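One-letter residues, chain by chain:
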Amino acid sequence: IKGFGEFANGFFHPFLTPTHLLVLLSVGLLLGQRPPIRLQNPVGTFAAFAAAGLALTLTHVAIGVYQPVLIVLGLCAGGLVALAASLPPWVSLAACAAVGFTLGLDSGVDTNIDGKAAATTLIATWVSLIVLVTDIAFYTSLVPQCQWIRTGIRVVGSWIVSIGLLMLAFSLRH
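Predicted, not measured: the structure shown is a model, and the values here were computed from it.

Rules of the game
- Residues numbered from 1 in each chain as written.
- Predicted model: local features only at pLDDT ≥ 70, side-chain atom pairs only at ≥ 80, totals over all residues.
- Heavy atoms only, no water.
- Phe/Tyr/Trp six-rings, centres within 6.5 Å; stacked < 30°, edge-to-face > 60°.
- Helix = DSSP H or I, 4+ residues; strand = E, 2+ residues; numbered from the N terminus.
- Polar contact = N/O pair within 3.5 Å; in protein donor to acceptor, adjacent residues only side chain to side chain.
- Contact = heavy atoms within 4.5 Å.
- Buried < 20%, exposed > 50% of the residue type's maximum accessible area, 1.4 Å probe, protein only.
- Core = buried A, V, L, I, M, F, W, Y, C linked by side-chain atoms within 4.5 Å.

**Q** Describe in detail the packing of aromatic side chains, supporting the description with residues and values.
**A** Using the criterion set out here, one finds 6 aromatic pairs in the structure. Look at Phe-7 and Phe-11: their rings are 6.3 Å apart centre to centre, the planes differ by 15°, and that puts the pair in the stacked class. Here Phe-7 and its partner Phe-11 are both found in helix α1 (residues 6-16), 4 residues apart, which amounts to about one turn of the helix. Seen from their ring centres, Phe-12 and Phe-15 are 6.0 Å apart, and the 55° between their planes marks the pair as tilted. With Phe-12 and Phe-15 both in helix α1 and 3 residues apart, the pair spans about one turn of that helix. Three or more aromatic residues joined by ring pairs form one cluster here, namely Phe-4, Phe-7, Phe-11, Phe-12 and Phe-15.

Printed below as a string of structure tokens:
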């Protein structure tokens, strides 16, 4: 965004990219859906793989991700939220790794900016990704465990699936 600095541009990137927001929301809900939550391993995995994806964009070997891949990741996580399935811990770790890496790869910076500006932007994006997933999971786990609230979270998961299907249809239309 013109007028924003490198840090602000990087930090607000996930908020302003609908596909990223959909995927982050679905993974955050998935992690926070079954309290008591233990976020150390999933968020650590997410952070490490997001950092790897972001670092790989600096090499300009792989920049960007085919958008249907991101959408399908959001659809899968949203579907698991809607089903409220009891998952083994490795499934959430695998989801965090896949989402972190693909979001990192899809959040690369322009090739025409200097190294310090690119690093600042990518670090801010990394911080924002971690904050979003952690906050969504944390606040989802704090809601009272009433049946109607659990049903509401499942409904949000089904809405993510619906929105994701529409986004997938639009992205494949081209």
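Picking up after the structure, the text goes on.
**Q** Lay out the side chain of Thr-121 in plain terms, naming residues and giving numbers.
**A** Note that Thr-121 resides in helix α6 (residues 115-142). From its side chain, Thr-121 meets the backbone oxygen of Ala-117 in a polar contact 2.9 Å long. In contact with Thr-121, not counting residues within four places along its chain, are Glu-6, Gly-10 and Val-109.

**Q** Account for unusual backbone geometry, with residues named and values stated.
**A** One non-glycine residue with positive phi stands out, namely Ala-84, at about 50°. Relative accessible area serves as the criterion here: at 21%, Ala-84 is assigned to the partly exposed category.

**Q** I'd like to hear about the nonpolar core, residue by residue, with values.
**A** Burial of nonpolar side chains together is a common tendency in soluble globular proteins. Of all hydrophobic cores here, the largest spans 33 residues; its most connected members are Leu-24, Leu-31, Phe-46 and Leu-103. At the level of secondary structure, the elements contributing two or more residues to this core comprise α2 (18-32), α3 (40-58), α4 (67-83), α5 (89-105), α6 and α7 (147-173). No other element matches α2, which puts 7 residues into this core.

Functional significance is not addressed by these values, which are geometric in nature.
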